[in-house]
Amino acid sequence: MAENPIRFGILGCANIARKVSRAILLSPNSAIGSRSLSKACKFASDNNFPASAKFYGTYDAVLEDSDVDAVYVPLPTSLHVQWAVTAATKKKHVLLEKPVALHVKELDTILHACESNGVLFMDATMWMHHPRTVKMMDFRDDSQRFGQLKAVHSIFTYASDSDFYKSDIRVNPSLDVLGALGDTGWYCIRAILWLTNYNLPKTVTAHPNPEFNEQGVILSCGASLHFEDGTLATFYCSFLSNLTMDITCLGTKGNLRVHDFVIPFRENVGKFYGASNSRFAELAIGCEPIPSEFDVTIEIPQEVAMVTEFARLVGEIEGKGAKPEKKWAEISRKTQLVVDAVKGSIECGFQEVEVVY
């Protein structure tokens, strides 16, 4: 453990916070804030927080705690701009759950507050921190095995029970009007941007027939992204289909596939498949060579890897006077711009929308 470990606060007791709390437990000093003290205490007890953890009945109290260096914010998206900005003005580094904002203007307000106060911003897209992500990009960047990128397709869907569709914050227009687009679509769009080296598409066109609940929240949608170099990307996201977490990436000489890119089927290993110079076998009775299967092991869960990297960057700032890393803020902003473009295309009758940084 680092000599001066980063001390975390958690704003809210959402279900996703239970997962990230496993990583935050590596810090010896933690603070948990909720709208009620009893809820904060129950969250700490249920998730095995140590006796040294502090419990608060308000979010403000966490941010006023001088022992807190950074906060993880898993609140509903509609509350992000308020509490992320407040955290930044209190000089707390911000790890913000996705989607990071309802639209890019809100995100710009958050990023301006972080930059003005010299604190780090990172969104909590966990799969980016799995070592498999690096190995997949090595394959994607190999000119002999993969060649030039031509197309990407990403899918993230899951179905839930009736209680989800009635009461979950992700289908409540006052808490997160983006619905599936902001939740599962965020991952799909991030995957596309990652595979295109974070080049923004020139235009985005939403696919017809998205599905909404009675309150107008998106339950499923898809879109096509057109890039300046001719690359085509598509995605589909949904709260109404069986759990699927696929990426297919096509190159002139090879292809890459992964079937669990958001959350690996097994926590300690991530698989992906790569094929190069594929062709039909004689008489078209099969294909050759058979795609290669790659296993990438991880010693710690991907959410722990994320928090570890966040803490490392914060430590560079707090301990060595480094400037906050801007990479993660830029990646979040590009993802949000595409989310906004898809939503805009849906709202204007599936017209093509230009994406401008």
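Residues numbered from 1 in each chain as written. Predicted model: local features only at pLDDT ≥ 70, side-chain atom pairs only at ≥ 80, totals over all residues. Heavy atoms only, no water.

Draft legend 1. Seen up close, the overall build of the protein chain. Secondary structure assignment for the protein chain yields 10 helices and 18 strands. With 357 residues in all, the protein chain has 52% of them scored as buried. When contacts within the protein chain are restricted to residue pairs at least 6 apart in sequence, those whose partners lie at least 24 apart make up 68%. (Helix = DSSP H or I, 4+ residues; strand = E, 2+ residues; numbered from the N terminus. Buried < 20%, exposed > 50% of the residue type's maximum accessible area, 1.4 Å probe, protein only. Contact = heavy atoms within 4.5 Å.)

Draft legend 2. Spatial organisation of the pairing of strand 4 (residues 70-73). Going residue by residue along strand 4, you find Ala70 and Tyr72 tucked away on one face and Val71 and Val73 tucked away on the opposite face as well. Direction of pairing for strand 1 (residues 8-11) relative to strand 4: parallel, over a ladder of three bridges. Each bridged residue has a counterpart across the sheet, and for Phe8 the counterpart in strand 4 is Ala70. Pairing analysis gives four bridges linking strand 4 to strand 5 (residues 93-96), with the strands arranged parallel. Looking at strand 5, one finds that Val73 is bridged to Leu96. For the crossover that starts at strand 4, traverses helix 4 (residues 80-89) and ends in the parallel strand 5, the hand is right-handed. (Pairing = 2+ DSSP bridges. Right-handed = clockwise from strand over helix to strand, strands pointing away.)

Draft legend 3. Examining the packing of aromatic side chains more closely. Taken as a whole and judged by the stated rule, the model has 13 aromatic pairs. Arranged with centres 6.3 Å apart and planes meeting at 70°, the rings of Phe139 and Phe146 form a pair that is edge-to-face. Through pairs of rings, three or more aromatic residues link up here, namely Phe156, Tyr158, Phe164, Tyr165, Tyr187 and Phe239. The residue whose ring lies beneath Arg333 is Tyr357, and the NZ or CZ to ring-centre distance is 4.7 Å. The ring of Tyr357 carries Lys334 above its face, with NZ or CZ at 5.8 Å from the centroid. (Phe/Tyr/Trp six-rings, centres within 6.5 Å; stacked < 30°, edge-to-face > 60°. Lys NZ or Arg CZ within 6 Å of the ring centre and 35° of its normal.)

Draft legend 4. Inspection of helix 5 (residues 104-116) at higher detail. In a regular helix each residue adds 1.5 Å, so 13 residues correspond to 18 Å; helix 5 covers 18 Å between its end C-alpha atoms and thus fits that length. Along helix 5, the positions that sit buried rather than exposed are Val104, Glu106, Leu107, Ile110, Leu111, Ala113 and Cys114. Where helix 5 is buried, its residues contact helix 4, strand 5, strand 6 (121-123) and helix 10 (327-347). (Expected span 1.5 Å × (residues − 1).)

Draft legend 5. Main features of the pattern of salt bridges. Under the counting rule described, the total for this entry stands at 18 salt bridges. Overlapping salt bridges bring together Lys98, Asp168, Arg170 and Asp183 as one network. (Salt bridge = Lys/Arg side-chain N within 4 Å of Asp/Glu carboxyl O.)

Draft legend 6. Spotlight on the confidence of the model for the protein chain. Looking at the protein chain, the pLDDT average stands at 91 and 88% of residues meet or exceed 70. Scored below 50 in pLDDT, residues 27-31 shows 22 contacts in the model against residues more than four places distant or in partner chains. (pLDDT = per-residue confidence, 0-100.)

Draft legend 7. Main features of the environment of Val339. The topology assignment puts Val339 in helix 10. Judged by its relative accessible area of 1%, Val339 falls in the buried class. A C-alpha to C-alpha distance of 8.0 Å links Val339 and His103, two positions 236 residues apart in sequence. Look past the residues within four positions of Val339 in its chain and what remains in contact with it is Leu178, Leu181, Trp186 and Ile189.

Draft legend 8. Summary view of unusual backbone geometry. A cis amide bond links Lys98 to the next residue, Pro99, at an omega of -5°. Note that Pro99 resides in the loop between strand 5 and helix 5. The phi angle at Ala284 is positive, at roughly 55°, despite the residue not being glycine. Topologically, Ala284 is positioned in the loop between strand 15 (279-280) and strand 16 (287-288).

Draft legend 9. Structural view of the packing of helix 5 against helix 10. At a minimum axis distance of 9 Å, the contact between helix 5 and helix 10 shows a crossing angle of 165°. It follows from the interaxial angle that helix 5 and helix 10 lie roughly antiparallel. Crossing geometry of helix 5 relative to helix 10 is assigned as right-handed. Facing helix 5, whose interface residues are Val104, Leu107, Asp108 and Leu111, helix 10 presents Ala329, Ser332, Arg333, Gln336, Leu337 and Asp340. Grouping the amino acids of the contact of helix 5 with helix 10 by side-chain chemistry returns five nonpolar, two polar and three charged. (Axes fitted to C-alpha atoms, helices over the stretch in contact; angles between N-to-C directions. Parallel < 35°, antiparallel > 145°, perpendicular 65-115°, else oblique. Left-handed = near helix turned anticlockwise from the far one by under 90°. Nonpolar A, V, L, I, M, F, W, Y, C, P; charged D, E, K, R; others polar.)

Draft legend 10. Focus on the packing of helix 4 against helix 5. Two numbers describe how helix 4 lies on helix 5: the axes approach to 8 Å, and their chain directions differ by 10°. Relative to helix 5, helix 4 is oriented roughly parallel. Only Glu106, Thr109, Ile110, Ala113 and Cys114 of helix 5 make contact with helix 4, whose side of the interface consists of His80, Val81, Ala84, Val85 and Ala88. Grouping the amino acids of the contact of helix 4 with helix 5 by side-chain chemistry returns seven nonpolar, two polar and one charged.

Draft legend 11. Quick look at the nonpolar core. One finds Leu11, Phe121, Leu225, Phe235, Phe261 and Val342 to be the most contacted residues of the largest nonpolar core, which totals 99 residues. In terms of residue count, the dominant contributor to this core is helix 8 (residues 179-195) (11 residues). (Core = buried A, V, L, I, M, F, W, Y, C linked by side-chain atoms within 4.5 Å.)

Draft legend 12. Geometry of the side chain of Asp168. Its place among the elements puts Asp168 in the loop between helix 7 (162-167) and helix 8. Assessed through its relative accessible area of 17%, Asp168 is described here as buried.

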